Amino acid sequence: VYIQKDPRDIPPPSEKDWLKEDEEDFFLQDPDQKRDALPQPFRMVNKLVMLVFENAMEIIERREMFREVQKLNVQPTKCFPTAEFQVTGRANCLAVSGKYIFVGLSVGLAAFRVSDCKEVCAWDAVKTEICAIHASDLGNESHVLLAVDEMGLVWLFCFHKGGFLLVKILNEMEDISKRSTCEEVVLSPGGDYAGVLLQGNTKAWLEIYRLPKDSWLKEAEKNPGAAAGLACRERRPTWTSAANIFLLQESPVSANQADAKLSLPVLLLKVKPPKPITGSSFKSPLDALKKVDDDSMLGLGYNHLIKDSQWEQQEAIFRSTYREYLEAEGVRESKEEIPRHATSHFLLPSRILQVGPEMKVQPDVPAGIGVHWDGSHNLCLYLLNRPLKEQSDSDPKPDVVWPCAAPIACSAVSSCSRYLALACEDATITIWDKHLGYPLSVTAIVEERLIRSIHFL
């Protein structure tokens, strides 16, 4: 056996032995691929076609996924009208009370039955345009209506057994220059009270009325001829056979209520906006305490000992300290104006509204009303069962003052009247329990958003 004594020299690998880029996967390629390769520019065209095809497939897959997701979502129920009717003029507003729908038209009022959408009666005595309407069920086929026309007049109606009975125009004045316009109306559940926010040339105020609904029912029963006459004067609908559409033909005689006289509502309160707090003229704390009638509640802040000079000095210090910030924001000196808009809610009896033992209180009848004016920190509560000597007061004092840390932007009361929600301008919402008198929750909205309305669901 021949054995080589010296090892054979094996040369190290060099770059000449490395595989080229086009030869790395030569053993995986089809032997005929070189003959099948497309020349330019066909390879570029093939590449673009494949790119378009891949993009199209991606779009198709996304659309199919979106359709599958849509199928899983709950589709909302589509509701179609069961009946359609046309009215004379233009329908501006509507209100539902009991089994009737009251529609405010450009020429008056109309009442329809909910069951068959047929017109029951129409009122067009003065051809006025009704812009807002509120209704409440009184029982015994009677309803109370508050309608506001285009001139800002408030029409008070009693709808009794298919006929409109005009009670009174609440803000009617013989002198047109002294006439006030209605900004907002509030009707209590059950129709016991009504609130009307009126605005004059330079001031605004809130009037609270007690509605004698029991007297209306008795007077309407004693005078059935008025309602019967109205039922005869109603517009007669004519049905078309092609569809469920009936047209209302206006009769030459309108439904006037001149022959029916009902008891007039009683003005309980005339609430004015709070006056701006000015400097005190009291010389001692004893003088300020003498002006306080009762020490059981918080006041509106008028009985204080801060002088005008102290406020002016504080304002000057504030403006001199933060002058550069005020100039950057463009803040100008502005005089405090009296607010001209108020929000009000009728409130049922609770521990917050303490009523004297001599006054009768029903659990389902409002015992007070809560009012807050724009820009005010205070929610003022007024009792509705006031003594007769206090009802004539033109500027009554609130029975309860509910102060807040910031001006109240909006408010809401639950349907049971137990919970009160106050949203302030600092984006803080507080839910109060009126029966117990303490807050249930306080929620601060992120980034201090301006809250414009709030509702209980």
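Please refer to the structure higher up on the page.
Residues numbered from 1 in each chain as written. Predicted model: local features only at pLDDT ≥ 70, side-chain atom pairs only at ≥ 80, totals over all residues. Heavy atoms only, no water.

Scanning the protein chain from terminus to terminus reveals eight helices and 23 strands. Per-residue burial for the protein chain yields a buried fraction of 35% across its 457 residues. Pairs at least 24 residues apart make up 52% of the contacts formed inside the protein chain by residues separated by at least 6 positions. Looking at the protein chain as shown, the accessible area adds up to about 30,400 Å², and 55% of this sits on carbon and sulfur atoms. (Helix = DSSP H or I, 4+ residues; strand = E, 2+ residues; numbered from the N terminus. Buried < 20%, exposed > 50% of the residue type's maximum accessible area, 1.4 Å probe, protein only. Contact = heavy atoms within 4.5 Å. Areas by Shrake-Rupley, 256 points an atom, 1.4 Å probe, with all protein chains shown as cover.)

Our next topic: the pairing of strand E16 (residues 342-347). Remark: a regular strand shows side chains that alternate across the two faces of the sheet. Within E16, six of the six residues are buried, which leaves it mostly tucked inside the rest of the structure. Because side chains alternate across E16, one face comprises the buried residues Ala-342, Ser-344 and Phe-346, and the other comprises Thr-343, His-345 and Leu-347, equally buried.

Unfilled space is identified by rolling a water-sized probe across the atoms. Reported here for the second largest pocket is a volume of approximately 680 Å³. Considering the residues around the second largest pocket, the lining is formed by 30 residues, among which Val-186, Leu-187, Pro-189, His-345 and Val-413 are closest to the centre. Mapped by element, the contributors of at least two residues to the lining of the second largest pocket are strand E2 (91-97), strand E6 (130-139), strand E10 (181-187), E16 and strand E20 (408-413). Classifying every residue of the lining of the second largest pocket by side-chain character gives 15 nonpolar, 12 polar and three charged. Two domains each donate at least three residues to the lining of the second largest pocket, and these are domain 1 (91-231 + 260-271) and domain 2 (285-323 + 338-444). (1 Å grid on protein atoms, 1.4 Å probe; cavity = no way out; pocket = protein on both sides within 12 Å on 5 of 7 lines; lining within 4 Å. Points joined across faces, edges and corners; volume = space filled by probe spheres on them. Nonpolar A, V, L, I, M, F, W, Y, C, P; charged D, E, K, R; others polar. Domains from an automatic or database assignment.)

On to empty space enclosed by the protein, then. One pass over the full model with this rule turns up two cavities of 30 Å³ or more. Computed from the structure, the second largest cavity encloses a volume of approximately 30 Å³. Contributing to the lining of the second largest cavity are Glu-184, Val-185, Val-186, Gly-195, Val-196, Leu-197, Leu-206, Ala-342, Thr-343 and Ser-344. Those elements that place two or more of their residues in the lining of the second largest cavity are E10, strand E11 (193-199) and E16.

What follows covers the side chain of Ser-136. The topology assignment puts Ser-136 in strand E6. Note on Ser-136: relative accessible area 9%, which makes it buried. At 3.2 Å, the side chain of Ser-136 forms a polar contact with the backbone nitrogen of Gly-190. Polar side-chain contacts of Ser-136 include one of 3.3 Å to the backbone nitrogen of Gly-191. (Polar contact = N/O pair within 3.5 Å; in protein donor to acceptor, adjacent residues only side chain to side chain.)

Okay, the sheet that holds strand E7 (residues 142-149) next. The sheet built from four strands is open, its strands ordered E6-E7-E8-E9 with antiparallel pairing. Either end of the sheet is taken by a strand with one partner, and the two such strands are E6 and strand E9 (164-169). Neighbour-to-neighbour, the strand axes of the sheet open up by a mean angle of 20 degrees, direction not taken into account. (Pairing = 2+ DSSP bridges. Axes fitted to C-alpha atoms, helices over the stretch in contact; angles between N-to-C directions.)

This brings us to the nonpolar core. A general trend in soluble globular proteins is that nonpolar side chains are found buried together. Ranked by size, the top nonpolar core spans 22 residues in total, and within it Leu-146, Val-154, Leu-156, Val-196, Leu-211 and Trp-216 carry the most contacts. Mapped by element, the contributors of at least two residues to this core are E7, strand E8 (154-160), E9, E10, E11, strand E12 (204-210) and helix H3 (213-222). Once you skip the residues sitting within four places of it in the chain, Leu-211 turns out to touch Val-144, Leu-156, Leu-187, Gly-191, Asp-192, Tyr-193, Ala-194, Trp-216 and Pro-265. Residues Tyr-100, Ala-111, Cys-121 and Trp-155 belong to the second largest nonpolar core, which totals 19 residues. (Core = buried A, V, L, I, M, F, W, Y, C linked by side-chain atoms within 4.5 Å.)

For the rest of this paragraph, the subject is the packing of aromatic side chains. Tallied over the entire structure, the rule returns 12 aromatic pairs. Ring centres of Tyr-100 and Phe-159 lie 5.0 Å apart, and the angle between their planes is 65 degrees; on these two criteria the pair is classed as edge-to-face. Here Tyr-100 is found in strand E3 (residues 100-105), whereas its partner Phe-159 is found in strand E8, with 59 residues between them in sequence. A connected cluster of aromatic rings, assembled from ring pairs, spans Tyr-100, Phe-102, Trp-123, Trp-155, Phe-157, Phe-159 and Phe-164. Residue placement shows Lys-270 over the ring face of Trp-205; its charged tip is 5.1 Å from the ring centre. (Phe/Tyr/Trp six-rings, centres within 6.5 Å; stacked < 30°, edge-to-face > 60°. Lys NZ or Arg CZ within 6 Å of the ring centre and 35° of its normal.)

As a further point, take the environment of Leu-211. Among the secondary structure elements, Leu-211 is positioned in the loop between E12 and H3. A relative accessible area of 5% places Leu-211 in the buried class. Between the C-alpha atoms of Leu-211 and Pro-265, which are 54 residues apart in sequence, the distance is 4.9 Å.

Here we take up a nonpolar patch on the surface. Taken together, the side chains of Met-50, Phe-53, Met-57 and Ile-60 present a nonpolar region at the surface, about 370 Å² in accessible area. On the secondary structure map, Phe-53 appears in helix H2 (residues 42-72). (Patch = residues over 30% accessible without salt bridge, like charges linked within 9 Å, V, L, I, M, F, W, Y side chains within 5 Å. Salt bridge = Lys/Arg side-chain N within 4 Å of Asp/Glu carboxyl O.)

Of note in the backbone geometry, Cys-117 takes a positive phi value of approximately 60 degrees without being a glycine. Its location among the elements puts Cys-117 in the loop between strand E4 (109-113) and strand E5 (119-123). Residue classification places Cys-117 among the buried residues on the basis of a relative accessible area of 16%. Look at Asn-140: it is not a glycine, yet its phi comes out positive at around 55 degrees. Residue position: Asn-140 is located in the loop between E6 and E7. For Asn-140, a relative accessible area of 46% corresponds to the partly exposed category.

Looking now at the sheet that holds E5. In spatial order, the strands read E2-E3-E4-E5; together these four strands make up an open sheet with antiparallel pairing. A single partner strand is all that each edge strand has here, and the edge strands are E2 and E5. Taken over all neighbouring pairs, the strand axes of this sheet differ in orientation by 20 degrees on average, direction set aside. Summarising the sheet, E2 and E3 pair through six bridges and their orientation is antiparallel. Paired with Ala-91 across the two strands is Leu-105, which belongs to E3.

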